[in-house]
Amino acid sequence: MSDSIRVKGYASVANVSCGFDCIGYAISDPGDVITLSKRKSSGIEITMSGYGSDSISCDLEKNTGGKAVLSLLEAIDSQQGFKLHIEKGIPPGSGIGSSSASAAAAVFAANELLGNPLSLDELLIHGMAGEAVASGGFHADNIAPALFGGIILVRSYDPLDILNLPVPENLFSTAVLPDMTINTKEARKILPTNIPLKNAIEQAGNLSGFTLGLHESDFDLLGRSMVDHFAEPYRAKLIPGYDAVRKSALDSGAIGCGISGSGPSVFALSDSLEKAQVIGTAMVKEFQKVGLLSKAYSSPIHTNHPEILG
Ligand code: HSE
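Residues numbered from 1 in each chain as written. Predicted model: local features only at pLDDT ≥ 70, side-chain atom pairs only at ≥ 80, totals over all residues. Heavy atoms only, no water.

Peer 1: Lay out the layout of surface pockets in plain terms, naming residues and giving numbers.
Peer 2: In this structure, the largest pocket spans a volume of roughly 680 Å³. For the lining of the largest pocket, the secondary structure elements donating two or more residues are helix H1 (64–75), strand S4 (81–88), helix H2 (98–113), helix H3 (120–135) and helix H5 (184–189). Considering every element that reaches the lining of the largest pocket, the biggest residue donor is H3, with four residues. Residues that form the lining of the largest pocket fall into these classes: nine nonpolar, 21 polar and eight charged. Structurally, the lining of the largest pocket is a two-domain feature, drawing no fewer than three residues from each of domain 1 (4–165 + 303–309) and domain 2 (172–300). (1 Å grid on protein atoms, 1.4 Å probe; cavity = no way out; pocket = protein on both sides within 12 Å on 5 of 7 lines; lining within 4 Å. Points joined across faces, edges and corners; volume = space filled by probe spheres on them. Helix = DSSP H or I, 4+ residues; strand = E, 2+ residues; numbered from the N terminus. Nonpolar A, V, L, I, M, F, W, Y, C, P; charged D, E, K, R; others polar. Domains from an automatic or database assignment.)

Pasting the structure below:
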């Protein structure tokens, strides 16, 4: 058994419009790369590099990757010590699952080095413990896709019930990251605690339509269903130019468009990689108009677990 491993954890889009806190998907670019090595003494020593790494704590209790590994070690009653290096390819606070990518890669890597005592499904709860450090909430719509790949439905949190949704062959994602950050904990605080019944009914209808649209590769139905009454109306104001950016995506042929996670990234779905790139360019131009530099990532949905690089 090897003493060291490098693993890439993938970015993800959570809150897929009508799927607030319950639908997320993984994307194949960008990602974080972690290197995990066994050490003789117990404890986990964390170092960081890459995008925004100086803003992330290396304290075990405050680092999503470290906390996820710690949670795994406690569950299996292991004293194994590790050195964990996290190379951030995903800017923190960008809304595409930066903290989840590190947590998923770290917990996956630790399980590998320990001889896979837990199944991939069993790792989720430990990834969630890591994710909770950053988001202040116990949600799985980033960490589950980061760990399993694909499009994931969190049907229930208590008990936890995670389901794979079908990924239509020609479904592509665009995620545009403006040069600003939003803190997920803060963005959760501005959400209402009660939702009017009329909005809840519409959200339930859209969510059902969205899942059926995936099953039948019915992109018109997907588009009609990509409306969010829970978070977008409150969080849109945190993202300068959001309405214009969304309109530019739809005008460029997007199936649907919404806030990725708690923002500021904005995502769109489309039916070809070429269209996903055109949409990304249009969205970047709209962000420019409000003085924000941004970067577009266009890719297929990533359908696998974190990747072992060596
Ligand atoms: N569902 C989470 C939230 C995703 O909106 O708070 C955060 O990326």
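What follows continues from the structure just given.
Peer 1: Describe in detail the domain arrangement of the chain, supporting the description with residues and values.
Peer 2: Structurally, the chain comprises domain 1 (4–165 + 303–309) and domain 2 (172–300). Between domain 1 and domain 2, the C-alpha centre-to-centre distance is 23 Å. On the side of domain 2, 38 residues touch domain 1, which itself brings 31 residues to the contact. Where domain 1 abuts domain 2, roughly 2,500 Å² becomes buried across the two surfaces, and 63% of that area is made up of carbon and sulfur atoms. It is Ser-17, Cys-18 and Phe-20 that lose the most area in domain 1 upon contact with domain 2, and together they represent 25% of the buried surface on that side. On the surface where domain 1 and domain 2 come into contact, there are one salt bridge. At the surface where domain 1 touches domain 2, the tally comes to 10 residue pairs in polar contact (both at pLDDT 80 or more). Of all the secondary structure elements, the ones that give two or more residues to the side of domain 1 that touches domain 2 are strand S1 (4–13), strand S2 (23–39) and H3. Here the residues of the side of domain 1 that touches domain 2 sort into 18 nonpolar, 11 polar and two charged. (Contact = heavy atoms within 4.5 Å. Buried area = accessible area lost by both parts, 1.4 Å probe. Salt bridge = Lys/Arg side-chain N within 4 Å of Asp/Glu carboxyl O. Polar contact = N/O pair within 3.5 Å; in protein donor to acceptor, adjacent residues only side chain to side chain.)

Peer 1: Can you tell me about the packing of H2 against H3, naming the residues and giving the values?
Peer 2: With their axes 9 Å apart at the nearest point, H2 and H3 run at an angle of 140 degrees to one another. One way to sum up the angle between H2 and H3 is to call them oblique. Seen along the crossing, H2 lies across H3 with a hand that is right-handed. Contacts between H2 and H3 involve Ser-99, Ser-100, Ala-103, Val-107, Phe-108 and Asn-111 from the former and Leu-120, Leu-123, His-126, Gly-127, Glu-131 and Ala-134 from the latter. Partitioned by chemical class, the residues of the contact of H2 with H3 number six nonpolar, five polar and one charged. (Axes fitted to C-alpha atoms, helices over the stretch in contact; angles between N-to-C directions. Parallel < 35°, antiparallel > 145°, perpendicular 65-115°, else oblique. Left-handed = near helix turned anticlockwise from the far one by under 90°.)

Peer 1: Can you break down the pairing of strand S9 (residues 266–270) residue by residue, with the values?
Peer 2: Judged by how many residues are buried, S9 sits mostly within the fold: five of five residues are covered. What you see with S9 is no split at all: Val-266, Ala-268 and Ser-270 on one side and Phe-267 and Leu-269 on the other are buried throughout. Both strand S7 (residues 172–178) and S9 contribute to a ladder of five bridges, which runs antiparallel. Along S9, the bridge assignment pairs Thr-174 with Ala-268. (Buried < 20%, exposed > 50% of the residue type's maximum accessible area, 1.4 Å probe, protein only. Pairing = 2+ DSSP bridges.)

Peer 1: Give me the lowdown on the pairing of strand S8 (residues 256–259), citing residues and values where you can.
Peer 2: Pairing analysis gives four bridges linking S8 to S9, with the strands arranged antiparallel. Bridge assignment links Gly-258 to a residue of S9, and that residue is Phe-267. Hairpin connection of S8 to S9: six residues between the antiparallel strands, including Gly-261 at a positive phi of 60 degrees.

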